[in-house]
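Structural features, examined
If you want the building blocks of each chain, they are given just below.
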Amino acid sequence: MSNQTVTRAEVTDAIVREVGVTRQESSDLLDRTLELIGSALETQDEVKLSRFGNFVVRSKAPREGRNPKTGQEAVIAARRVVTFRPSPMLKSLVDHK
Amino acid sequence: MLKSELIAKLAVEYSHLRQEDLERVVNVILEEIGSALSRGDRVELRGFGAFSVRHRDARKGRNPRTGESVEVPAKSVPFFKAGKELRARVNGGEDPEAR
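Residues numbered from 1 in each chain as written. Chains lettered and ligands numbered in written order. Predicted model: local features only at pLDDT ≥ 70, side-chain atom pairs only at ≥ 80, totals over all residues. Heavy atoms only, no water.

So, on to the domain arrangement of chain B. Each domain of chain B was delimited in the assignment, giving domain 1 (1-38) and domain 2 (41-98). The straight-line distance from the C-alpha centre of domain 1 of chain B to that of domain 2 of chain B is 24 Å. (Domains from an automatic or database assignment.)

This part takes up the interface of chain A and chain B. Between chain A and chain B, the residue contacts involve 53 residues of the former and 49 residues of the latter. At the boundary of chain A with chain B, total buried surface from both sides reaches about 4,700 Å², with 65% on carbon and sulfur atoms. In this structure, the connection of chain A to chain B is made through 4 salt bridges. Between Glu 42 of chain A and Arg 89 of chain B there is a salt bridge, with the nearest N and O atoms lying 2.4 Å from each other. Here chain A and chain B share 19 residue pairs in polar contact (both at pLDDT 80 or more) between them. Going through the elements one at a time, strand S1 (5-6), helix H1 (8-19), helix H2 (23-43), strand S2 (46-49), strand S3 (53-60), strand S6 (79-86) and helix H3 (88-94) of chain A are the ones with two or more residues in the side of chain A that touches chain B. Among the elements that take part in the side of chain A that touches chain B, H2 of chain A stands out by supplying 15 residues, more than any other. Within the side of chain A that touches chain B, the residues separate by chemical class into 26 nonpolar, 11 polar and 16 charged. In this structure, S1 of chain A lies alongside strand S1 (residues 42-45) of chain B, joined through 2 bridges in parallel fashion. Bridge assignment links Val 6 of chain A to a residue of S1 of chain B, and that residue is Val 43 of chain B. (Contact = heavy atoms within 4.5 Å. Buried area = accessible area lost by both parts, 1.4 Å probe. Salt bridge = Lys/Arg side-chain N within 4 Å of Asp/Glu carboxyl O. Polar contact = N/O pair within 3.5 Å; in protein donor to acceptor, adjacent residues only side chain to side chain. Helix = DSSP H or I, 4+ residues; strand = E, 2+ residues; numbered from the N terminus. Nonpolar A, V, L, I, M, F, W, Y, C, P; charged D, E, K, R; others polar. Pairing = 2+ DSSP bridges.)

Let us now look at the sheet that holds strand S2 (residues 49-56) of chain B. Read across the open sheet, the 4 strands follow the order S1(A)-S1(B)-S2(B)-S5(B); overall the sheet is mixed. Edge strands, defined here as strands with exactly one partner in the open sheet, are S1 of chain A together with strand S5 (75-82) of chain B. Across 8 bridges, S2 of chain B lies against S5 of chain B in antiparallel orientation. Paired with His 55 of chain B across the strands is Ser 76 of chain B, a residue of S5 of chain B. In this fold helix H2 (residues 19-38) of chain B packs onto S1 of chain A together with S1, S2 and S5 of chain B, with an angle of close to 35 degrees to the strand it touches most, S2 of chain B. (Axes fitted to C-alpha atoms, helices over the stretch in contact; angles between N-to-C directions.)

What follows is the structure in structure tokens.
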């Protein structure tokens with residue numbers, strides 16, 4: 001466990017290394033890829049990336065909640081949330097015993 | 001949307017790149033996230049979200065068919081938290097957590 005944070009910069013470098021595009025183009029390709037996934041989730045319920053996992057949008061009904069700081073009750077509005085369902089392959093990559 | 005459809009969309013915008021290079025781009029992105037998580041690292045993609053590893057303690061579970069009690073071992077699982085921008089996008093432009 002190294003507990004570091006990987007950011008766009010490292011992913012951009014990996015694309016440059018593996019595909020041989022320029023750094024500018026790599027950064028642009030990463031942005032567009034994330035942007036296309038985001039825009040698909042706006043209009044569809046699911047983005048399925050084989051061997052990686054699926055992004056699923058779920059609708060949540062409004063519910064009573066409580067402000068944890070003040071203890072005051074409040075209605076939590078209906079909302080759509082993005083959940084990620086990792087593939088069995090990604091799960092086994094992470095859970096090495 | 002499937003991975004193949006995502007690659008097809010990129011191919012329209014990047015017509016000067018070969019289809020196989022675009023496939024490689026998408027796979028490299030996903031592989032980088034996977035290998036970071038396998039090291040126990042976090043992956044932060046601003047605007048989109050963050051991937052991290054969450055630890056689940058061992059717990060007693062039940063076989064739903066037989067009702068028998070079984071030991072579910074501790075495990076590590078991949079976890080994704082959508083970023084502010086993505087939360088807003090799927091909610092018609094406003095992040096519900098910001099309210």
